[in-house]
Amino acid sequence: METKESAWLNETEELFRENLKGISEKDIRFYRLEEFWRNIQRLDQFSKDCPVCRETHAKVRETVAGMNDAVKHPGKRRRKFDRALSTLASHMTEEHGFLPPYYFTYRWSALGLPAGALVGALIDLVLFHGQKWGFIVGGTIIGMLIGYVLGGRKDNNMRAKKKLL
């Protein structure tokens with residue numbers, strides 16, 4: 001026997017596919033509609049245990065119903081649609097641990113830049129008394145690369161756990 005959530009998901013999928021008609025592939029990527037659909041599926045999956053997911057069903061249904069119109073016409077409807085997408089993605093991130101692709105790669109690379117510059121400056125200061133500025137540049141590059149590699153590993157772990165938005 002089919003559960004209530006599964007019936008809701010099947011009805012929402014039909015509505016989603018119907019509203020996708022006439023939307024170009026470029027717009028599907030730009031408006032993150034594939035991510036939106038994955039989050040709708042997760043919403044259904046987590047609605048058994050999460051009260052926020054359960055309460056969001058009606059809002060998502062309304063958002064899906066106006067999706068085609070929102071994508072094709074800028075203005076108030078598109079802002080409302082974008083807000084609904086962001087709210088759902090934020091909930092999935094904060095409450096259920098899903099992250100955007102390359103989250104750790106970007107974060108760790110950004111942290112590696114100043115850390116590498118600091119290490120390079122300290123080496124320059126200790127060994128050359130501030131005379132060779134190339135250590136700062138080299139340290140910055142090496143710090144960014146180390147952050148990129150470490151962040152990439154964490155992203156691969158999240159990808160393997162299927163925890164990407």
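**A closer look at the packing of helix H4 (residues 51-65) against helix H6 (residues 76-96)**
For the pair H4 and H6, the least separation of the axes is 11 Å and the interaxial angle reads 155°. When the axis of H4 is compared with that of H6, the two are roughly antiparallel. In the packing of H4 onto H6, the handedness of the crossing is left-handed. Here Val52, Cys53, Val60, Glu62 and Thr63 of H4 come into contact with H6, specifically with Lys80, Phe81, Ala84, Leu88, His91, Met92 and His96. Considered class by class, the residues forming the contact of H4 with H6 number seven nonpolar, three polar and two charged.

**Quick notes on unusual backbone geometry**
Of note, the phi angle at tyrosine 102 is positive, near 65°, even though the residue is not glycine. Looking at the secondary structure, you find tyrosine 102 in the loop between H6 and helix H7 (103-128). Here lysine 162, not a glycine, exhibits a phi torsion of approximately 60°, which is positive. By the element assignment, lysine 162 lies in the segment after helix H8 (134-160).

**So, the packing of aromatic side chains**
Counted under the stated rule, the structure contains seven aromatic pairs. Centre to centre, the rings of tyrosine 102 and tyrosine 106 are 6.1 Å apart; their planes meet at 45°, and the pair counts as tilted. Judged by its relative accessible area of 45%, tyrosine 102 falls in the partly exposed class. Arranged with centres 5.1 Å apart and planes meeting at 80°, the rings of tyrosine 103 and phenylalanine 104 form a pair that is edge-to-face. Looking at phenylalanine 104, the relative accessible area reads 14%, which means it is buried.

**Points about the pattern of salt bridges**
When the charged atoms of two side chains with opposite charge come close together, those side chains can pair. Per the stated rule, a full pass over the model turns up four salt bridges. For the salt bridge of arginine 61 with glutamate 11, the shortest nitrogen-to-oxygen distance reads 3.4 Å. Highlighted residues: arginine 61 in helix H4 and glutamate 11 in helix H1 (residues 4-20), separated in sequence by 50 residues. Exposure remark for arginine 61: the relative accessible area of 28% places this residue in the partly exposed category. Overall, the relative accessible area of 42% leaves glutamate 11 in the partly exposed class. The salt bridge involving lysine 80 is made with glutamate 62; its shortest N-O contact spans 3.0 Å. Placement of lysine 80 in helix H6 and of glutamate 62 in helix H4 is noted, with a sequence separation of 18 residues between them. By relative accessible area, which is 48% here, lysine 80 ends up partly exposed. Among the residues examined, glutamate 62 registers a relative accessible area of 52% and is labelled exposed.

Reading the values: rules and limits
- Residues numbered from 1 in each chain as written.
- Predicted model: local features only at pLDDT ≥ 70, side-chain atom pairs only at ≥ 80, totals over all residues.
- Heavy atoms only, no water.
- Axes fitted to C-alpha atoms, helices over the stretch in contact; angles between N-to-C directions.
- Helix = DSSP H or I, 4+ residues; strand = E, 2+ residues; numbered from the N terminus.
- Parallel < 35°, antiparallel > 145°, perpendicular 65-115°, else oblique.
- Left-handed = near helix turned anticlockwise from the far one by under 90°.
- Contact = heavy atoms within 4.5 Å.
- Nonpolar A, V, L, I, M, F, W, Y, C, P; charged D, E, K, R; others polar.
- Phe/Tyr/Trp six-rings, centres within 6.5 Å; stacked < 30°, edge-to-face > 60°.
- Buried < 20%, exposed > 50% of the residue type's maximum accessible area, 1.4 Å probe, protein only.
- Salt bridge = Lys/Arg side-chain N within 4 Å of Asp/Glu carboxyl O.

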